[in-house]
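Summary of the model geometry
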Amino acid sequence: MEVDLHLPSTLVVLSAIFVLVAVLYGFHPLTRWRLRKIPGPPPQWYAGNLLEVMRQSSYHFYIRNARKYGKIFKVWYGATPVIVVTDADLGRAINLRNPNRHTAMGPAAIMAPKDRMFDSDGILLTKDRAYHRSIRNAWQPAFFSESLNGYANLMNSGADRLIKRLGKAAAKGQEVNIWRMLGDLTMDVVGTASFGVEFRTQEDDEIDSSASKDSRELVMAAQTIFQMGGAGGSLYLPIVVLCPVLLPLVRLIAGAFPDERMKKILKARTKLQQTCTKLLEQARARMEAEASGKKPERGLAPGSFMQHMAQAKHHPGVKNGSPFTDTEIVQQAFGFLLAGYETTASALAFTIYNLSANPDKAARLMQEVDAFGRDRVPQNSDLEQLPYVQAVFKEALRLFPPGHISIREAVEDLNLNGHHIEKGTWLHVSLCGIHRDPEVWDKPDDFVPERWMPGAPEEATEAQKRAWMPFGDGIRACVGKRFAWEEALIALLRIFQRFEFKLSPGQVPLEVRSPFTLGPAKGIFVTPILRGEE
Ligand code: HEM
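The structure reproduced in this document is the subject of the present report. Everything quoted here is computed from the prediction, not taken from an experiment. (Residues numbered from 1 in each chain as written. Predicted model: local features only at pLDDT ≥ 70, side-chain atom pairs only at ≥ 80, totals over all residues. Heavy atoms only, no water.)

In the vicinity of the ligand there are 30 residues, among which Arg 101, His 132, Arg 136, Arg 476 and Cys 478 approach most closely. Side-chain polar atom of Arg 136 to an oxygen atom of the ligand: 2.8 Å apart, as the coordinates give it. At 2.8 Å from an oxygen atom of the ligand is found a side-chain nitrogen or oxygen belonging to Arg 476. Those elements that provide at least two residues to the shell around the ligand are helix 7 (129-139), helix 15 (326-357), strand 4 (405-409) and helix 20 (481-498). Split into classes, the residues belonging to the shell around the ligand amount to 17 nonpolar, eight polar and five charged. (Near = heavy atom within 4 Å. Polar contact = N/O pair within 3.5 Å; in protein donor to acceptor, adjacent residues only side chain to side chain. Helix = DSSP H or I, 4+ residues; strand = E, 2+ residues; numbered from the N terminus. Nonpolar A, V, L, I, M, F, W, Y, C, P; charged D, E, K, R; others polar.)

Printed below as a string of structure tokens:
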């Protein structure tokens, strides 16, 4: 009888290869060795620290680990090590020298390039420096004082609709999820400012039936993308997180067989693109009609961000200084909504949470509001008369910065306090870690708006002021900061002219989640109470 002596040895070799691959992809011995001197929480095989990050939220996980391991530590997102920095000066230096964001692990990462165009070429994720400068410059005039003065009416009408809704709840003594309601407000304001059609997301039946068909379709598409777009959206994602080298293959398979979530996102993106293209055509018709002295019927509102982009041109060195294409304009308009909607809603909700949990601070704020006038409708230029409202908002942004990480990719090899970091490494400047650093702040976890009141005994030192950076820093810092500031102050003033809030029990400390931006885990539940006579 003939015995196949090769079979066992083949099995041994295959098993050895399998074990080697399992070790290389599960344990990453070489990378671990390279980064061994950087401390950090011990990773698990394959998942790294991902399960802990998801359980605790990256926000808490980073704050806790900064207190345990110091201002530079490493965290493993599956197979990818991320260097987290919680030192303000080092963070600024990183942001200044490394302008590229690494591609987030959202469903978009696994989409084919044609389906990803919103992300890869928009202001948020483009890695082409000259192109970024060109788009960013085109954005800037939307935040000049003249434009901001123009937005005040829109922001006040948004606040009117919110006050109406709060009034109904107050009359019934009803608890509300204020985070949700503020989300409806900011979607209303940012959506209308960006796309130039009335978003009307604050009506009780979600989308006002009197809104135009274009407007309704746009709102629904944007909402679908938001609901579906968070990290962990697609079933294909875990594969890429655990084994990034499979990305090209996963993209191919996901392109051919998209799962339900991806299908919905793709459909919503196509709808958004089509509707915006139609609005742009109307806008161009409007501009032509205006130029020839006629009055057009509909189109983008004058002064809207999209109309502004329709008139903008690239830098002479980029695309020969040509006007923006329709696709580019839609990318930017969607970027405006994406970056400005949830961040501002969460910042406002955190502010109301902190005020409700600290009634003495709320009382001081209401005194200032009353001195300004209970019935006075603010304009942008009035906001400097509200130093305590500003201080309260600043302090809420310190404790809970909605954009809590400046996400970067090392553009070259770096030396971080003696640690060698290779080009391409993912870097997270943890703004929440910096904002709660006990070596920098007294009572880092307490809500003390007086830190931001000039002359107060608690007034922040220069080092503390430098360590306040909720809008990031460097050339990728928040371009919409002045818009957010105006919108938030108008909303706070208008809300507290009419209401105070009772926090529902069981919410201190607040449960948060931070898949991408930082927000309350389930919401912030309060009962609005109509304020008595002055
Ligand atoms: C309270 C509200 C807001 C907060 C806390 C916030 C925070 C941030 C942060 C932390 C960044 C990243 C900075 C970095 O990577 O270093 C950012 C970027 C950005 N934000 Fe905001 N933001 C807010 C509102 C807005 C609004 C209302 C808009 C638009 C109208 C906007 C548009 C953008 C854009 C386009 C970027 C990317 C800029 C670039 O890459 O050049 N943000 N924001």
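This brings us to the coordination of the iron atom of the ligand. On the protein, Cys 478 (SG) is the one donor atom to the iron atom of the ligand, at 2.3 Å. Looking at the secondary structure, you find Cys 478 in the loop between helix 19 (462-466) and helix 20. (Donors = N, O, S within 2.8 Å, 3.2 Å for Na, K, Ca; no water.)

Take the packing of helix 15 against helix 17 (residues 387-399) next. Direction vectors running N to C along helix 15 and helix 17 enclose 105°, while the axes themselves pass 9 Å from each other. The angle between helix 15 and helix 17 falls in the class roughly perpendicular. Contacts between helix 15 and helix 17 involve Ala 347, Leu 348, Phe 350, Thr 351, Asn 354 and Leu 355 from the first element and Val 392, Phe 393, Ala 396, Leu 397 and Leu 399 from the second. When grouped by side-chain class, the residues that make up the contact of helix 15 with helix 17 number nine nonpolar, two polar and no charged. (Axes fitted to C-alpha atoms, helices over the stretch in contact; angles between N-to-C directions. Parallel < 35°, antiparallel > 145°, perpendicular 65-115°, else oblique. Contact = heavy atoms within 4.5 Å.)

Grouped together as the largest cluster of nonpolar side chains are 124 residues, with contacts concentrated most on Leu 416, Phe 483 and Phe 496. Among the elements that make up this core, the one with the highest residue count is helix 15 (14 residues). Not counting residues within four places of it along the chain, the set of residues in contact with Leu 416 comprises Ile 72, Ile 83, Val 85, Leu 90, Ile 94, Ile 421 and Leu 427. Formed by 14 residues, the second largest nonpolar core is a distinct cluster that contains Tyr 62, Val 82, Ile 407 and Trp 426. (Core = buried A, V, L, I, M, F, W, Y, C linked by side-chain atoms within 4.5 Å. Buried < 20%, exposed > 50% of the residue type's maximum accessible area, 1.4 Å probe, protein only.)

Moving on, we come to the sheet that holds strand 3 (residues 176-177). Across a sheet, paired strands are connected by hydrogen bonds in the backbone, their directions being either parallel or antiparallel. Ordered in space as 3-11-8, the three strands form an open sheet in which the pairing is antiparallel. The open sheet has two free edges, formed respectively by strand 3 and strand 8 (499-503), since each of these has just one partner strand. Along the sheet, helix 8 (residues 145-172) makes contact with strand 3, strand 8 and strand 11 (525-530), crossing strand 8 at roughly 55°. Set on the sheet, helix 20 makes contact with strand 8 and strand 11; between it and strand 8 the angle comes to about 85°. (Pairing = 2+ DSSP bridges.)

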